[in-house]
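Below, each chain spelled out in residue letters.
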Amino acid sequence: MRVLFISNPRIGSAFPLVPLAWAMRSAGHDVLFGAAGDGLAVELAGLDVIDVLPGAGDRRIREAQRLADPESFASLTLPGAERPTVPSDGFVPWALPEFLAVAHAWRPDLIVSDPAQTEGLLVAAALDVPIVLHGRGLLRTAGIPRAIRRLCGAFDDNGWDLPEHIRHIDVAPASILLSEPDGWPMRPVPYNGGGVLADWPREPSRRILLTLGTAPLGAHGSATVKRILTLAGRVDAEFVLALGDQAAVIPDALPRNVRSVGWVALSTILRSCAAVVHHGGAGTTMCALDAGVPQLVVPDGTEAVLHADAVVNRGCGLRRRPDELDEDVLTSLTGAAKFRANAAEVRAELAAMPAPADLVPRLAELAGTPAAARSASVVSPPQPVAFGRLDDRGSLLS
């Protein structure tokens, strides 16, 4: 069958989809990503991707979202939630005609989408194709389709309703949220890109990793870096800064126990760390849980608060503001046996969850009848878009 993965233009949302895409490919199915901006980095995983908005970077896309619907750009509180948990900028369809053009040309049998990516539900509704919302981080996703249906006017504008067949993949370990999964549980296999390994796997130490995600650092992130560098020389540990290309916040002269490594695969380096300090992003939180490493979360954003609280409540680490960081906090993070024990329990729980390959038969059954047999019920496609990578049968050109 053909599976279209729909991602938003951020690495942190695109990369969690890669392991399931690998599993589908390994089972012999055709896989294509539709993405833009930084989300195009999934090509580094050996996957085919269509750039739905050539030349548009992440900042430009976010600005277009904000201008398209400024009122709903603020975070949305889902029904029953105690705090906002889903950034509603994903509910503004920033590239609906382009995603529809790709889908009509490629004719998928199944769509797999980031849960807050409005285009996934809209394209599935337009083509009468089953859709799977792939969870990321610790969000429960069951209420998201109804919220998107309520907030996104494109459904009513086109006379569409939610797709008939919607399923959910839940990657959150049950012991953290203390609730049943939404739909099918699946182990969140970390994917952070590859790299040439140096001394990380062979060098156990009291190493603390500082990483703040893939987005440009704001005032909050810069304050966290500055505070860690102020404290590092007084803490008996090695500090590693994995801040990508954020050279502006890294001084030329670092304390002797601090080194900067730029971009690095978190899933590799974390297994040699005693602890990690991070911003509360979904990918980083799940990667640290998978590695069984205690976490100090300095949350930056609404979704990050959810992750920080969950880490604290499960006993896997601490939550602090930048101005609350001190030597005792960093020392207790690496020295507390309870954090290590609880993190190890969650790691074992994740390892026991179904792997992505285990879900492939379910997805194939969900796809059912090939899309070509449903074409009579599909709405008329939009005007063709010249992507330059599809032939007249919708296959990728070499």
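In the block above lies the structure referred to throughout.
Residues numbered from 1 in each chain as written. Predicted model: local features only at pLDDT ≥ 70, side-chain atom pairs only at ≥ 80, totals over all residues. Heavy atoms only, no water.

## Observations concerning the overall build of the chain
And step 1. If you tally the helices and strands in the chain, you get 15 helices and 13 strands.
And step 2. Within the chain, residue pairs in contact and separated by at least 24 positions form 65% of the contacts whose partners lie at least 6 positions apart. (Helix = DSSP H or I, 4+ residues; strand = E, 2+ residues; numbered from the N terminus. Contact = heavy atoms within 4.5 Å.)

## Observations concerning the nonpolar core
Where a protein is soluble and globular, its nonpolar side chains tend to be buried together.
And step 1. Core analysis: the biggest nonpolar cluster contains 45 residues, and F5, L20, M24, F33, L110 and I169 have the highest contact counts within it.
And step 2. Contacts of L110, omitting those with residues within four sequence positions, involve M1, R2, V3, L4, V129, P130, I131, V132, L363, L366 and A367.
And step 3. If you look at the next biggest cluster of nonpolar residues, it comprises 32 residues, including I6, I111, A125 and I131. (Core = buried A, V, L, I, M, F, W, Y, C linked by side-chain atoms within 4.5 Å. Buried < 20%, exposed > 50% of the residue type's maximum accessible area, 1.4 Å probe, protein only.)

## Let's talk about the side chain of T224
And step 1. Along the polypeptide, T224 turns up in helix α9 (residues 219-232).
And step 2. Excluding anything up to four places from it in sequence, T224 contacts L210, L212, V298, P322 and L325.

## Examining the environment of P299
And step 1. With respect to the element layout, P299 can be found in the loop between β12 (295-297) and α12 (302-313).
And step 2. Linking P299 and G281, residues 18 residues apart in sequence, is a C-alpha distance of 8.1 Å.
And step 3. The contact partners of P299, leaving out residues within four places of it in the chain, are H220, H279, A304, V305, A308, R319 and R320.

## A short note on the pairing of strand β1 (residues 2-6)
And step 1. Of all five residues making up β1, five are buried, and the element is well covered by its neighbours.
And step 2. Both faces of β1 are covered, namely the face carrying R2, L4 and I6 and the face carrying V3 and F5.
And step 3. Sheet analysis places β1 next to strand β2 (residues 30-35), joined by five bridges and oriented parallel. By the bridge assignment, L4 is partnered in β2 with L32.
And step 4. In terms of strand pairing, β1 meets strand β4 (residues 110-113) through four bridges, oriented parallel. Each residue of the ladder has a partner; that of L4, found in β4, is I111. (Pairing = 2+ DSSP bridges.)

## Considering the pairing of strand β8 (residues 207-211)
Within a regular beta strand, the side chains point alternately toward one face of the sheet and then the other, so they alternate between its two faces.
And step 1. The buried fraction of β8 amounts to five of the five residues, a majority that puts the element mostly inside the structure.
And step 2. The two faces of β8 match: R207, L209 and T211 on one face and I208 and L210 on the other face are all buried.
And step 3. Bridge count for β8 against strand β9 (residues 238-242) is five bridges, and the pairing is parallel. Paired with R207 across the strands is E238, a residue of β9.

## Here we look at the side chain of T334
And step 1. In this fold, T334 is placed in helix α13 (residues 327-335).
And step 2. Using a relative accessible area of 6% as the deciding quantity, one classes T334 as buried.
And step 3. Within the structure, T334 has its side chain in polar contact with the side chain of R206 (distance 3.0 Å).
And step 4. For T334, the contacting residues outside a window of four places in its chain are R206, I208, A274, A275 and R340. (Polar contact = N/O pair within 3.5 Å; in protein donor to acceptor, adjacent residues only side chain to side chain.)

## Digging into the sheet that holds strand β5 (residues 131-134)
And step 1. Across the sheet, which stays open at both edges, the seven strands sit in the order β3-β2-β1-β4-β5-β6-β7 with parallel pairing between neighbours. Where the open sheet ends on each side, the last strands, each with one partner, are β3 (49-51) and β7 (184-185).
And step 2. As paired elements, β5 and strand β6 (residues 166-170) share four bridges and run parallel to each other. Counted as the bridge partner of L133 is H168 from β6.

## Comments concerning the pattern of salt bridges
And step 1. Applying the stated rule across the entire model yields 13 salt bridges.
And step 2. In this structure, the salt-bridge partner of D114 is R136, at a minimum N-O distance of 2.5 Å. Remark: R136 occurs in the loop between β5 and α6 (144-151) and D114 occurs in the loop between β4 and α5 (118-127); sequence separation between them is 22 residues.
And step 3. The buried category is assigned to D114, whose relative accessible area is 1%.
And step 4. We classify R136 as buried; its relative accessible area is 10%.
And step 5. Here the residues in one salt-bridge network are R149, D156 and D161, joined through shared partners. (Salt bridge = Lys/Arg side-chain N within 4 Å of Asp/Glu carboxyl O.)

## Some thoughts on the packing of aromatic side chains
Between two aromatic rings, the relevant description is the distance of the centres plus the angle of the planes.
And step 1. On inspection of all chains with the given rule, the structure shows three aromatic pairs.
And step 2. Seen from their ring centres, W22 and Y191 are 5.3 Å apart, and the 85° between their planes marks the pair as edge-to-face. Here Y191 lies in the loop between β7 and β8 and W22 lies in helix α2 (residues 18-26), a separation of 169 residues in the sequence.
And step 3. A relative accessible area of 36% means that W22 is categorised as partly exposed.
And step 4. A network of ring pairs unites the aromatic residues F15, W22 and Y191 as a single cluster.
And step 5. A cation sits over an aromatic face here: R2 above W106, 5.2 Å from the ring centre. (Phe/Tyr/Trp six-rings, centres within 6.5 Å; stacked < 30°, edge-to-face > 60°. Lys NZ or Arg CZ within 6 Å of the ring centre and 35° of its normal.)

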